[in-house]
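What follows is each chain in one-letter form.
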Amino acid sequence: AASNAVTATAPEAPIFAYAAFDKVGATTFRTILSARERLHNRSYLCDPWFARHRGGCRDVPGEAVVNVGADRGFDFCERQGRPCRYFTLLRHPLERIRSAHAYFCVACSEHHRQCGGHDVHQWGGRLSCPNMSLAAYARTVGSVYTRAFAPKEPSERAEEKLETVHAEIASLTRLDAATVREIVRTSCHNRRDEAYRALDQFQEGTGPFVQATALTNARSKERLRRIDAAERYLKSICTLVLEPAEPPRPTIVQQLARWMGDPLFESKISLVQRGRASHAERQAREAPQSVSDALMEDIELYRRMKHWADRGEACTEGRGGGARRVPGP
C-alpha cells in the first residue's frame, strides 16, 4: 500500500515541446534533438503536424522532445492533458529575415513554399516571391517572434478573421496595413460593420481613417504592450539565443540539457559555438532602415532576451525537469 501511495503522488515527467522557427538553425538543432531521443532509446523526434493523423504526438513518453512549428499555432502544450514545457531558439531578427528572404523568396526553396505555394495563404496572399525586395518581404512577414509569443487575447484572434476587411480598406484609403488594423481594433472594436461604417465616413472626409495620424502614439503603446507580453512569456519558458559563446558561458545544448535535467544529453552531445561573431554575421545584422522598421518589435524583443541570456538567467526557471503544467489559454 505504501508503494502504491508513493506511485500515486510521484510527479509525471513532462513533455518538452520545441517551438521552432524557420531559418534560426532549426535543422541543425533538430538533428541534435533527434540524437538526444536516440540516447534515450526513442526512435524519432515526433512532430504533431506530420503525426496529425496518428494522434498528434499524444502518445510520446515523458521527457520526450516534440517538434512544434511555431508558425502553425503555438498551443501544443495547452492541448495536452499532461505536464508539458516549452523551449525555443531565437536568431537575430535581421539575420533571420535575410536568410529567409534568400532561401524561401529568391531561391523559391522547399517546393516553392513562398513562391505560389501554401505559405502564400498564410500571409494573406501578400507574398509575391520571387519578385519581392527584402524590405517588402520584411514588411509582409513582420515580427514573427512577437506575434508568436505575445499572449493572444480574444480580440486579437478575432482580428485574424478581419484580414480581408483590412486589405480592402487599406487599398481604398491608401493607408498601410498596420495603421488599418490599429484603427479597426481601437475605433471599430474589431467589428466588420463598424469598420465599413468608418470607411463610409472616410469617403465623406471624417472619421477615424481620416484621423489616422492621431493614432501614432496609440500604436506605439500597443507595440510596447506586445513586446512586454512576449518578453514575459519567453522568460517563463526556456529561451535560447543563437549567439557566440565564450567559456565559461555554456553552449545552447548545455543550457537546454541542464534545464531538462538531462546529464546524459549534456555529456554525450556537444555543439561548438564560436566565441566571436564572424564578419558575415555582423554584416547580416546591418540592414536598410525600412527593413529594421518592419522588424522593430522583434529586434527590441531579441535585444531584451539576449541581455537576459548574457546575465545567465535564461532557462533557469524550473531547471531540472519537473511536472510544471503550462496554464491554459
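Everything below is about the structure printed above this text.
Everything in this summary refers to the structure shown in the same document. (Residues numbered from 1 in each chain as written. Predicted model: local features only at pLDDT ≥ 70, side-chain atom pairs only at ≥ 80, totals over all residues. Heavy atoms only, no water.)

Within the chain, the secondary structure is distributed over 17 helices and 4 strands. Looking at the chain residue by residue over its 329 residues, the buried ones come to 47%. Taking all contacts inside the chain whose residues are at least 6 apart in sequence as the whole, residues at least 24 apart take part in 71%. Accessible area of the chain: about 17,000 Å², with a carbon and sulfur share of 52%. (Helix = DSSP H or I, 4+ residues; strand = E, 2+ residues; numbered from the N terminus. Buried < 20%, exposed > 50% of the residue type's maximum accessible area, 1.4 Å probe, protein only. Contact = heavy atoms within 4.5 Å. Areas by Shrake-Rupley, 256 points an atom, 1.4 Å probe, with all protein chains shown as cover.)

Across all of its chains, the model carries 5 disulfides by this definition. Between the sulfur of Cys 108 and that of Cys 115 lies a disulfide, 2.1 Å long from S to S. Across the S-S bond linking Cys 108 and Cys 115, the dihedral sits near -90°, which makes this disulfide left-handed. Classification of Cys 108 as buried rests on a relative accessible area of 11%. The exposure class assigned to Cys 115 is buried, which follows from its relative accessible area of 15%. For the chain, the disulfide bridges join cysteines in the arrangement 1-2, 3-4, 5-8, 6-7, 9-10, where the cysteines are counted in sequence order. (Disulfide = S-S within 2.5 Å.)

A word on the packing of aromatic side chains. Counted according to the given criterion, the structure contains 9 aromatic pairs. On the basis of an interplanar angle of 80° and a centroid distance of 4.9 Å, the ring pair of Tyr 103 and Phe 104 is categorised as edge-to-face. Taken together through their ring pairs, the aromatic side chains of Phe 16, Tyr 18, Phe 29, Phe 87 and Trp 259 make up a single cluster. Its guanidinium or amino end placed over the ring of Phe 265, Arg 36 lies 5.8 Å from that ring's centre, counting from NZ or CZ. Directly above the ring of Trp 49 sits Arg 52, whose terminal nitrogen or CZ lies 4.1 Å from the centroid. (Phe/Tyr/Trp six-rings, centres within 6.5 Å; stacked < 30°, edge-to-face > 60°. Lys NZ or Arg CZ within 6 Å of the ring centre and 35° of its normal.)

Attention now goes to unusual backbone geometry. The peptide bond linking Cys 129 to Pro 130 adopts the cis configuration, its omega dihedral lying at 5°. Among the secondary structure elements, Pro 130 is positioned in the loop between helix H5 (119-122) and helix H6 (134-141). One non-glycine residue with positive phi stands out, namely Asn 41, at about 60°. Looking at the element boundaries, Asn 41 is found in the loop between helix H2 (26-39) and strand S2 (65-69). Phi angles above zero are rare outside glycine, and His 189 is one such case at about 55°. As for its placement among the helices and strands, His 189 is situated in the loop between helix H10 (177-186) and helix H11 (192-203).

By secondary structure assignment, the location of Glu 297 is in helix H17 (residues 296-310). Those residues in contact with Glu 297 that sit more than four places away from it in its chain are Ser 143, Thr 146, Arg 223, Arg 226 and Ile 227.

Think of two packed helices as two axes; the pair is described by the angle between the axes and how far apart they sit. The contact between helix H9 (residues 163-173) and H11 brings their axes to 11 Å, and the two run at 5°. On the basis of the axis angle, H9 is roughly parallel to H11. Between H9, through Val 165, Glu 168, Ile 169, Leu 172 and Thr 173, and H11, the contact on the second element is made entirely by Arg 192, Ala 195, Tyr 196, Leu 199 and Phe 202. Looking at the contact of H9 with H11 residue by residue, the class counts come to 7 nonpolar, 1 polar and 2 charged. (Axes fitted to C-alpha atoms, helices over the stretch in contact; angles between N-to-C directions. Parallel < 35°, antiparallel > 145°, perpendicular 65-115°, else oblique. Nonpolar A, V, L, I, M, F, W, Y, C, P; charged D, E, K, R; others polar.)

This paragraph deals with H11. Compared with the 16 Å implied by 1.5 Å per residue over 12 residues, the 17 Å span of H11 between its first and last C-alpha is a close match. What H11 keeps buried is the set Ala 195, Ala 198 and Leu 199. Down the axis of H11, the buried set is contained in an arc of 105°. They therefore lie on one face. Taken together, the buried residues of H11 touch H9 and H10. Directly beyond the C-terminal end of H11, a positive phi value near 85° is found at Gly 205. (Expected span 1.5 Å × (residues − 1). Arc of directions from axis to C-beta.)

Burial of strand S3 (residues 84-90) is extensive: 7 of the 7 residues sit out of reach of the surface. Residues Cys 84, Tyr 86, Thr 88 and Leu 90 line one face of S3 and the alternating positions Arg 85, Phe 87 and Leu 89 line the opposite face, and both faces are buried. Sheet topology places strand S1 (residues 15-20) next to S3; 5 bridges connect them, and they run parallel. Across the sheet, residue Ala 19 finds its bridge partner in S3, namely Thr 88. (Pairing = 2+ DSSP bridges.)

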